[in-house]
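This is what each chain is made of:
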Amino acid sequence: MSTCNYNETGSVVRFSLITISDTRTPVTDESGPVMAQLVRENGHQIISQLIVPDEPERIQKAIYDQSGNADVVCLSGGTGISPRDQTYEAVRPLLDKELSGFGELFRLLSWEQVGSRSMMSRALAGTCSNLIIFALPGSPKGAKLAMEKLILPEARHLVTELYKQ
């Protein structure tokens, strides 16, 4: 089982960052680098950074491949309502416990930035065995919002709670 390097003075959380896209490359991916910079600025570690096509089986395999290595998996992209947006459908069945407050809070914060368009977000989070999974929008602004306001402020606490006996 994966463990976070937790101690009373703080911890380093291990992140896997996965961009979900049929069209992005390492050169054109915008949300992945935004997330990576924020993770590093907050003193955490990036275990892997991938780009995976928006295909449920490939998304699920990418998540499973992080088990035992990462504490948190952040996926960006594929959470909208277009026919190719399948991240929600791939992630939700994997969750042991859904953190419904994440999606609710993300949409509330998005409302402040983009107004009624926030209703189209299907951002979600939850646990899958020894991982905490976040599915974020593919826009750099949306990924930054989720990372700065919700994920990074609570990352250490979430991982600590996940490993409580």
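The text that follows walks through the structure, step by step, so that each part is easy to find.

Each value, and the rule that gives it
Residues numbered from 1 in each chain as written. Predicted model: local features only at pLDDT ≥ 70, side-chain atom pairs only at ≥ 80, totals over all residues. Heavy atoms only, no water. Buried < 20%, exposed > 50% of the residue type's maximum accessible area, 1.4 Å probe, protein only. Helix = DSSP H or I, 4+ residues; strand = E, 2+ residues; numbered from the N terminus. Right-handed = clockwise from strand over helix to strand, strands pointing away. Pairing = 2+ DSSP bridges. Salt bridge = Lys/Arg side-chain N within 4 Å of Asp/Glu carboxyl O. Phe/Tyr/Trp six-rings, centres within 6.5 Å; stacked < 30°, edge-to-face > 60°. Polar contact = N/O pair within 3.5 Å; in protein donor to acceptor, adjacent residues only side chain to side chain. Patch = residues over 30% accessible without salt bridge, like charges linked within 9 Å, V, L, I, M, F, W, Y side chains within 5 Å. Areas by Shrake-Rupley, 256 points an atom, 1.4 Å probe, with all protein chains shown as cover. Axes fitted to C-alpha atoms, helices over the stretch in contact; angles between N-to-C directions. Parallel < 35°, antiparallel > 145°, perpendicular 65-115°, else oblique. Left-handed = near helix turned anticlockwise from the far one by under 90°. Contact = heavy atoms within 4.5 Å. Nonpolar A, V, L, I, M, F, W, Y, C, P; charged D, E, K, R; others polar.

For strand β1 (residues 14-20), the buried fraction is high: 7 of the 7 residues fall into the buried class. In this fold, the crossover linking β1 to strand β2 (residues 45-52) by way of helix α1 (residues 31-41) has right-handed handedness. Here β1 pairs with strand β3 (residues 72-76) via 5 bridges, running parallel. Looking at the pairing, Leu17 lines up with Cys74 of β3.

Within the structure shown, the criterion is met by 6 salt bridges. Salt-bridge contacts for Asp71 lead to Arg14; the nearest nitrogen and oxygen are separated by 3.1 Å. With a gap of 57 residues between them, Asp71 in the loop between α2 (56-66) and β3 and Arg14 in strand β1 connect regions that are remote in the sequence. Both residues of the pair, Asp71 and Arg14, count as buried. Note that Glu161 and Lys164 form a salt bridge whose closest N and O atoms lie 2.9 Å from each other. Looking at Lys164, the relative accessible area reads 54%, which means it is exposed.

Let's shift gears to the packing of aromatic side chains. Scanning all chains against the criterion turns up 2 aromatic pairs. A ring pair is formed by Phe102 and Phe106, whose centres lie 6.3 Å apart and whose planes are at 20 degrees; its orientation type is stacked. Of the two residues, Phe102 and Phe106 are both situated in helix α4 (residues 100-114); the distance of 4 residues between them amounts to about one turn of the helix. When sorted by exposure, Phe102 lands in the same class as Phe106, which is buried.

All right, on to unusual backbone geometry then. Positioned with a positive phi, Ser129 is a non-glycine residue whose angle comes to about 55 degrees. With respect to the helices and strands, Ser129 occurs in the loop between β5 (124-128) and β6 (131-136).

We now examine the environment of Glu41. For Glu41, the position within the fold is in helix α1. Among the polar contacts listed, one links the side chain of Glu41 to the side chain of Gln37, at a separation of 2.7 Å.

Residues Ile81, Met119 and Met120 make up a contiguous nonpolar surface patch of roughly 350 Å² in combined accessible area. By the secondary structure assignment, Met120 is in the loop between α4 and β5. In this structure Met120 comes out as partly exposed when scored by relative accessible area, which is 38%.

Across the interface, α1 lies against helix α5 (residues 140-162) with an axial gap of 8 Å and an inter-helix angle of 25 degrees. The angle between α1 and α5 places the two elements in the roughly parallel class. The chirality of how α1 crosses α5 is right-handed. Listed contacts from α5 to Ser31, Val34, Met35, Leu38 and Val39 of α1 are Pro140, Ala143, Lys144, Met147, Glu148 and Leu152. Here the residues of the contact of α1 with α5 are counted per class, giving 8 nonpolar, 1 polar and 2 charged.

Here the focus is the sheet that holds β5. Read from one edge to the other, the open sheet built from 6 strands follows the order β2-β1-β3-β6-β5-β4, with strand pairing classed as mixed. In the strand order of this sheet, the two ends are held by β2 and β4 (97-98), each with one partner. Inspection of the sheet shows β5 paired to β6 by 5 bridges, in the antiparallel sense. Bridged to Thr127 within β6 is Ile132.

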